[in-house]
Amino acid sequence: MEARAFIEITRPHNCVLAGVVGLLGSIVAVGHFPEPVKALLVFLVVTLGCSAGNTINDYFDYEIDRINRPERPLPRGAMSRKTAFWYAMALFAIGLILASLINVYALLLAVVAYTTMFLYAWKLKPLPFVGNLVVAGLTGATPLYGAIAVGKIGLAGYLALCAFLVNVAREVIKDIEDVEGDLAKGARTLPIVIGKKKSAYVGAFFAFLTVIASFLPIKAGVGLSYLAMVPVDAIILYSAFLILRSQDRETAHRSQKLLKISIFLAVMAFMIASLVR
C-alpha cells in the first residue's frame with residue numbers, strides 16, 4: 001500500500017477547487033468575505049465531501065478504471081478496495097461533523113449531498129443521462145452550500161444554475177470520452193444509448209443554455225461589472241464547437257476540460273459582479 005494513494009485517490013486538485021468554489025459561493029451571496037471560522041468550515045465540508053465522493057467512486061468503478069484509467073490507485077494496486085471504502089466513510093463522517101458546526105441547513109444539505117454522492121457511485125452513474133444530471137446537481141449545489149452557510153442566497157442562486165447547466169454539458173461530453181471503458185463494463189451512458197453525435201448535440205445544447213442563463217444576473221442590477229463573464233461564455237461556446245465538430249476521445253477530453261476551467265472562471269466573474277455591484 002502506498003501512503004500517497006490516500007491523497008491521490010481523492011484527486012485533491014479537484015476537491016480543493018470545489019472547496020474554493022463553495023467559499024466563493026459565500027462571498028457571492030453576501031458581497032464580502034465571511035467570518036474566518038465559517039469560511040474555513042465551508043471549505044472543509046465541501047473539500048471532504050468531494051474527497052469522499054471521488055474515493056467511493058473509485059471503489060465502485062474499479063473494473064471500468066482498469067480500462068479507462070489504469071494509473072489510478074486501485075487499478076494499479078496502491079490501495080485495497082476495502083481500505084478505499086472505509087476511507088471514504090471516514091471522510092464523509094468528518095465532513096458531517098464539521099457541517100453540524102455551521103447551521104442546521106448546512107448540515108441537512110451536506111447529508112443530502114453526501115448521500116447522493118454515494119448513490120451516484122453505487123447505482124446512478126451508469127443510467128443514461130440520470131447520472132449526468134446528478135453530478136451536475138451536486139456541482140451546482142457547491143456555491144449554493146456556501147450561500148446557505150452564510151444565510152443568504154443572493155447572486156449565488158444564479159451561479160448555481162449556471163454551474164448546473166454547464167456541468168450537464170461537461171458530463172455528457174465526458175461520457176463521449178469514456179465510451180470504450182463504459183462499453184466494456186456494460187454501462188448504458190447517453191453516448192452508448194443514442195450515439196456520440198446525438199450526445200454531442202445534447203452537450204452543446206446545455207452549453208448554449210449556460211450562456212443564456214449567464215445573462216440573467218443583469219436583471220438583478222449587476223451592471224457593467226458582469227462583462228467579466230463574457231470571456232467565460234466564449235470558452236463555453238468554443239467547447240461546444242469542438243465537440244460538435246468531432247466526437248473522438250481526444251477532442252472530447254479537450255472540450256470537457258475547457259468546460260471544467262469555465263466553471264471556476266464563472267465563479268470568479270460572479271464574485272467580481274457581487275463585490276462591485
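Residues numbered from 1 in each chain as written. Predicted model: local features only at pLDDT ≥ 70, side-chain atom pairs only at ≥ 80, totals over all residues. Heavy atoms only, no water.

I'm lost on the overall build of the chain in this one. Help?
Across its full length, the chain carries 13 helices and 0 strands. Its helices and strands in sequence order give the chain the pattern α-α-α-α-α-α-α-α-α-α-α-α-α, from N to C terminus. Taking the principal axes of its C-alpha atoms as reference, the chain extends roughly 50 × 45 × 25 Å. The buried share of the chain, taken over its 277 residues, is 52%. Pairs at least 24 apart in sequence give 75% of the contacts found in the chain among residues at least 6 apart. Total accessible area on the chain stands at roughly 12200 Å², and carbon and sulfur atoms take up 70% of it. Placing the 26 positive and 17 negative side-chain charges of the chain at their respective mean positions leaves the two points 5 Å apart. (Helix = DSSP H or I, 4+ residues; strand = E, 2+ residues; numbered from the N terminus. Buried < 20%, exposed > 50% of the residue type's maximum accessible area, 1.4 Å probe, protein only. Contact = heavy atoms within 4.5 Å. Areas by Shrake-Rupley, 256 points an atom, 1.4 Å probe, with all protein chains shown as cover. Lys, Arg positive; Asp, Glu negative; His and termini not counted. Charge placed at Lys NZ, Arg CZ, Asp CG, Glu CD.)

Can you help me understand the nonpolar core in this one?
A general trend in soluble globular proteins is that nonpolar side chains are found buried together. Formed by 37 residues in total, the largest nonpolar core has its most connected members in V28, M229, I236, I243, L259 and F270. Ignoring anything within four residues of it in the chain, the contact list for I243 reads I173, I176, A200, A252 and S255. Among the nonpolar cores identified, the runner-up in size contains 26 residues, and L41, V42, A52 and V135 belong to it. (Core = buried A, V, L, I, M, F, W, Y, C linked by side-chain atoms within 4.5 Å.)

Honestly, the side chain of S26 in this entry has me stumped. Any pointers?
Among the structural elements, S26 can be located in helix 2 (residues 12-30). Separated by 2.7 Å, the side chain of S26 and the backbone oxygen of G146 make a polar contact. Residues in contact with S26, not counting those within four places in the same chain, are H32, P34, V42, G146, A147 and V150. (Polar contact = N/O pair within 3.5 Å; in protein donor to acceptor, adjacent residues only side chain to side chain.)

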